[in-house]
Amino acid sequence: MARQITLIQISGVMGEAVSELVQKVTLTWEEKVKLATPVDTGVLRNGWKNNIKKFQGNIFNNVVYAEPVCFGESLPPSWKGDFKTRQDTIKGFPELIGKQLESYAKSEYEKIKRKI
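Computed from a predicted structure; not experimentally measured.

Turning our attention to the overall build of the protein chain. Regarding its fold elements, the protein chain presents four helices and two strands. The helix and strand sequence of the protein chain, counted from the amino end, reads α-α-β-β-α-α. Since a compact globule built from 116 residues should have a radius of gyration of about 13 Å, the 19 Å found for the protein chain marks it as more spread out than a globular shape. Here the protein chain, with 116 residues, has 31% of them falling under the buried criterion. Taking all contacts inside the protein chain whose residues are at least 6 apart in sequence as the whole, residues at least 24 apart take part in 51%.

The next thing to look at is the nonpolar core. Judged by nonpolar contacts, Val33, Leu44, Trp48, Ile59, Val63, Ala66, Val69, Cys70, Trp79, Phe93, Ile97 and Leu101 together constitute the single largest core of 12 residues. Breaking this core down by element, the ones donating at least two residues are helix 3 (66-71) and helix 4 (93-115). With near-sequence residues (within four places) excluded, Ile97 lies in contact with Trp29, Lys32, Val33 and Ala36. Ala17, Val25, Ala105 and Ile112 belong to the second largest nonpolar core, which has five residues in total.

Our focus in this paragraph is the side chain of Thr85. Structurally, the position occupied by Thr85 is in the loop between helix 3 and helix 4. Within polar-contact distance, the side chain of Thr85 engages the backbone nitrogen of Thr89 at 2.8 Å. Those residues within four positions of Thr85 in sequence are excluded, and the remaining contacts are Val69 and Trp79.

Moving on, we come to helix 4. With 23 residues, helix 4 ought to run about 33 Å at 1.5 Å a step, and its terminal C-alpha atoms sit 33 Å apart, in line with that. The principal kink in helix 4, of about 30°, is found at Glu102.

The subject of this paragraph is a nonpolar patch on the surface. On the surface, Val43, Val64 and Tyr65 cluster together to form a nonpolar patch covering roughly 300 Å² of accessible area. Structurally, Val43 is set in helix 2 (residues 43-46).

So, about unusual backbone geometry. The phi dihedral of Lys80 falls on the positive side, at around 50°, and the residue is not glycine. With respect to the element layout, Lys80 can be found in the loop between helix 3 and helix 4. Judged by its relative accessible area of 71%, Lys80 is exposed. Notably, Asp88 is not glycine yet its phi reads approximately 55°, a positive angle. In this structure Asp88 comes out as exposed when scored by relative accessible area, which is 68%.

Below, the discussion takes up the environment of Val33. Position of Val33 among the secondary structure elements: in helix 1 (residues 10-36). Taking C-alpha positions, Val33 is 9.7 Å from Cys70, a pair spaced 37 residues apart along the chain. Ignoring any residue separated from it by four or fewer positions in sequence, one finds Val33 in contact with Trp48, Ile59, Phe93, Pro94 and Ile97.

Applying the stated criterion to the full structure yields one aromatic pair. Centroid distance Trp79 to Phe83: 6.1 Å. Interplanar angle 70°. Geometry classified as edge-to-face.

Criteria and thresholds
Residues numbered from 1 in each chain as written. Predicted model: local features only at pLDDT ≥ 70, side-chain atom pairs only at ≥ 80, totals over all residues. Heavy atoms only, no water. Helix = DSSP H or I, 4+ residues; strand = E, 2+ residues; numbered from the N terminus. Rg over C-alpha atoms; globule rule 2.2 N^0.38 Å. Buried < 20%, exposed > 50% of the residue type's maximum accessible area, 1.4 Å probe, protein only. Contact = heavy atoms within 4.5 Å. Core = buried A, V, L, I, M, F, W, Y, C linked by side-chain atoms within 4.5 Å. Polar contact = N/O pair within 3.5 Å; in protein donor to acceptor, adjacent residues only side chain to side chain. Expected span 1.5 Å × (residues − 1). Bend = angle between axes of the 7 residues up to and from the residue. Patch = residues over 30% accessible without salt bridge, like charges linked within 9 Å, V, L, I, M, F, W, Y side chains within 5 Å. Areas by Shrake-Rupley, 256 points an atom, 1.4 Å probe, with all protein chains shown as cover. Salt bridge = Lys/Arg side-chain N within 4 Å of Asp/Glu carboxyl O. Phe/Tyr/Trp six-rings, centres within 6.5 Å; stacked < 30°, edge-to-face > 60°.

Okay, structure coming up:
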């Protein structure tokens, strides 16, 4: 049975639901990116952090070599212009994982709507 809410309550109820969804998707994204991050010493994998606000979430990594390893950009001279990692990392994998989570976010949103 659907929950009975008044017109005045809609923004509050939906705001809470969307905020929870943002948090859930951001934490899932961070978890999946950490698992996909190549490991040598573990510093890069442990460098992933999140920034979650009410309606916005993002993940980031401030480790100095995150950009070349994760995105294939700003390659060090020792790589001689070739993107390479020991684990055959795919360039831009954090963004690819984020895009894959779009359908997950939509399905989670549908679950929220059914509860309301």
